[in-house]
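Each chain, letter by letter, is given below.
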Amino acid sequence: MTARMKKPSVLGTYSTSKKSKIDTKTKKKIGISAYIFFVLLPIYWLLNMSFKSNEEILGGLTFWPSNFTFDNYAVIFTDPTWYMGYVNSMIYVSMNMIITLLVALPAAYAFSRYKFTGDKHLFFWLLTNRMAPPAVFLLPFFQLYSSVGLFDTHLAVALAHCLFSVPLAVWILEGFMSGVPREIDETAYIDGYSFHKFFVKIFLPMIGSGIGVTAFFSFMFSWVELLLARTLTSVEAKPIAAIMTRTVGASGIDWGVLAAAGVLTIIPGLLVIWFVRNHVAKGFALGRV
Amino acid sequence: MNKVENNKAWWLVLPVVLLVAFSAVVPLMTVVNYSVQDIFDVNTAYFVGAEWYREILQDPRLQDSLMRQFIFSFFVLLIEIPLGIAVALMMPTKGRGASLCLILLAIPLLIPLNVVGTIWQVFGRTDIGLFGWALTSIGVDYNYASNPIDAWFTVLLMDVWHWTSLVALLCYSGLRAIPDAYYQAASIDRASGWAIFRYIQLPKLQSVLVIGVLLRFMDSFMIYTEPFVLTGGGPGNSTTFLSQTLTQMAIGQFDVGPAAAFSLIYFLIVLLVSWLFFTTISHLDKAK
């Protein structure tokens with residue numbers, strides 16, 4: 001393979017005539033742009049609303065705020081009951097990510113490397129937990145966490161979210177780990193590495209993108225979930241998404257603040273996706289292609 | 001890969017087993033417990049056997065919302081899977097454009113579910129929402145709060161907006177794993193675009209599509225927050241899906257027994273459909 005074979009840049013540009021080549025390329029560009037336009041349009045509208053006063057929002061449709069204002073954001077950043085919601089959400093999402101990785105890494109290693117009694121059943125049983133509707137667990141979770149004194153703590157929400165994040169994490173990590181040849185393990189042991197040292201110093205760096213992707217998925221499912229997070233908290237650990245319902249007051253809905261709060265919930269997600277953007281292609285296949 | 005037989009590996013899975021036992025088995029046993037008892041207070045409970053199951057299976061509320069749930073999940077898969085594949089095929093393959101597309105597509109996936117509901121609740125309103133306003137100004141009689149068909153349309157459109165990206169990103173990563181040599185061979189054979197898709201891309205997409213269909217089926221079948229915020233299950237009961245019916249029963253009316261029986265049936269349906277889908281696919285694979 002040398003340079004004389006020009007590498008194809010866009011899928012499906014292999015048709016024979018030059019004219020149709022350009023046509024498909026342009027069609028694709030138009031298609032993807034149209035879809036992204038559809039994705040961004042509702043977000044633009046939320047953003048647009050968050051910079052308007054309520055009078056302007058209810059007064060008529062404007063495509064750009066005529067009186068550009070940061071008042072809605074000021075409401076959120078000056079009131080602790082508002083901004084603590086973000087802090088609470090961040091705390092339990094981070095706790096969930098850490099717990100998930102700590103328990104899922106050794107388990108995934110065991111599944112990818114060893115045969116043991118009941119391994120297949122165990123693996124399948126773990127995955128079935130991803131299929132449990134959160135609504136099913138609402139009442140028992142409430143009772144369980146109340147009885148052990150965890151109700152209204154960040155840990156309760158983090159543990160509850162483990163129900164979905166752990167099975168998925170084991171599954172993703174198992175895929176990535178199976179891609180690392182066994183010989184690496186064996187060579188390390190011959191070289192005198194202890195299991196612990198090998199795992200941390202050699203193995204973990206090799207599946208770095210897998211860990212990043214697992215953290216991404218844990219973040220994603222924990223950050224967006226509301227039903228369990230709301231049920232397991234009342235004041236101390238209340239997530240931002242639940243606090244947003246406060247904008248419905250006696251005088252109607254405070255649309256501007258609602259929009260601003262919504263915009264602020266999108267930002268952490270954007271940051272996370274920015275960090276993993278280079279691993280997304282491999283990661284979304286869950287290490288399995 | 002040949003794995004080594006070693007039962008000591010159980011020590012490595014033990015933390016996961018303990019954690020999941022605490023957060024899944026204990027609650028699930030509580031549900032089973034409730035589903036066979038009639039509970040008046042902490043000390044007074046009677047064993048009622050299968051009575052709640054019999055009652056709940058004849059409950060028209062459950063039957064109706066189960067029907068709606070299946071129709072909803074069917075449409076979700078019918079629209080999102082092909083659209084997701086199409087989006088993945090249209091995405092640029094490398095460079096800045098590819099990164100930008102990935103990031104923009106992933107945005108809806110990372111928005112809290114109730115904010116997704118809120119975004120569409122605003123977006124679809126005829127007075128202050130762009131979408132509702134646009135439809136009314138071109139003469140469409142649209143109101144998702146009073147017309148069941150409009151409500152369904154909006155809920156579906158919201159779900160397509162929210163989750164098609166997941167299918168697209170899964171497919172995109174599947175497509176990236178196809179070696180260039182396959183395309184070069186196809187180009188030598190003068191294969192048409194359709195033939196490339198049918199005989200090279202689609203087979204390679206199978207494994208990610210299985211994951212995509214399973215995730216989309218499970219999550220659409222458990223949908224709660226988004227339609228709850230958008231339509232509140234209305235107008236009437238037209239967009240009340242299973243999770244919402246269950247929550248109403250368990251929290252709203254505190255019918256713990258029937259709600260628990262309902263929960264288990266619900267869980268079993270998800271398990272059964274996922275298992276059926278999975279075994280069918282594996283059998284088809286073997287038959288090839």
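Only a predicted model underlies this, so the values are computations on that prediction, with no experimental measurement involved.

Conventions we followed
- Residues numbered from 1 in each chain as written.
- Chains lettered and ligands numbered in written order.
- Predicted model: local features only at pLDDT ≥ 70, side-chain atom pairs only at ≥ 80, totals over all residues.
- Helix = DSSP H or I, 4+ residues; strand = E, 2+ residues; numbered from the N terminus.
- Buried ≥ 20, exposed ≤ 12 C-beta atoms within 10 Å, placed from the backbone.
- Contact = placed C-beta atoms within 7 Å.
- Core = buried A, V, L, I, M, F, W, Y, C linked by C-beta atoms within 7 Å.
- Nonpolar A, V, L, I, M, F, W, Y, C, P; charged D, E, K, R; others polar.
- Pairing = 2+ DSSP bridges.
- pLDDT = per-residue confidence, 0-100.
- Axes fitted to C-alpha atoms, helices over the stretch in contact; angles between N-to-C directions.
- Parallel < 35°, antiparallel > 145°, perpendicular 65-115°, else oblique.
- Left-handed = near helix turned anticlockwise from the far one by under 90°.

Asker: Help me understand the overall build of chain B, please; the structure alone is not making it clear to me.
Answerer: When helices and strands are tallied, chain B shows 12 helices and three strands. Considered along the principal axes of its C-alpha atoms, chain B spans approximately 75 × 70 × 35 Å. By residue count, 39% of the 288 residues in chain B fall in the buried class.

Asker: Can you help me understand the environment of G84 of chain B in this one?
Answerer: Residue and element names in this part refer to chain B. Within the secondary structure, G84 is located in helix α3 (residues 60–90). On a C-alpha basis, the gap between G84 and L166 in space is 7.7 Å, while along the polypeptide they are 82 residues apart. Here G84 is in contact with T164, V167, A168, C171 and G212, once residues within four sequence places are set aside.

Asker: Which parts of the structure should I look at to understand the nonpolar core?
Answerer: Nonpolar side chains in soluble globular proteins tend to be buried together. The biggest cluster of nonpolar side chains holds 149 residues, and the ones touching the most others in it are A104, A107 and V170 of chain A together with V16 and C171 of chain B. Looking at this core element by element, the count peaks at 17 residues for helix α7 (residues 154–178) of chain A. Contacts of V16 of chain B, omitting those with residues within four sequence positions, involve V103, A104, A107, L126, V166 and V170 of chain A.

Asker: Quick question: what am I supposed to make of the interface of chain A and chain B here?
Answerer: Many analyses report the size of an interface as the accessible area lost when the parts associate. Contacts between the two partners involve 90 residues from chain A, matched on the other side by 85 residues from chain B. At 14 residues, helix α1 (residues 18–50) of chain A tops the list of elements feeding residues into the side of chain A that touches chain B. When the residues that make up the side of chain A that touches chain B are grouped by side-chain class, the tally is 66 nonpolar, 14 polar and 10 charged. Two elements, strand β1 (residues 114–115) of chain A and strand β1 (residues 4–5) of chain B, share two bridges in a ladder whose sense is parallel. Of the residues in β1 of chain B, the one forming a bridge with Y114 of chain A is V4 of chain B.

Asker: I'm lost on the confidence of the model for chain B in this one. Help?
Answerer: Regions with low pLDDT should not have their predicted coordinates read in detail. Residue and element names in this part refer to chain B. On average, residues of chain B score 85 in pLDDT, and 96% of them reach the 70 mark or higher. Across chain B, element-level confidence peaks in α3 with a mean pLDDT of 92 and bottoms out in strand β3 (residues 45–47) with 70. Scoring of the predicted complex yields 0.86 for pTM and 0.86 for ipTM.

Asker: Looking at this structure, I do not really get the packing of helix α1 (residues 10–35) of chain B against helix α12 (residues 256–287) of chain B. What am I missing?
Answerer: Geometrically, a packed helix pair is captured by the angle between its two axes and the distance between the axes. All names here are of chain B. At a minimum axis separation of 7 Å, α1 and α12 run at an interaxial angle of 125 degrees. Comparing their axes, α12 and α1 come out oblique. Where α1 crosses over α12, the two elements pack in a sense that is left-handed. On α12, the residues that touch V31, V32, Y34 and S35 of α1 are V256, G257, A260, A261, S263 and L264.

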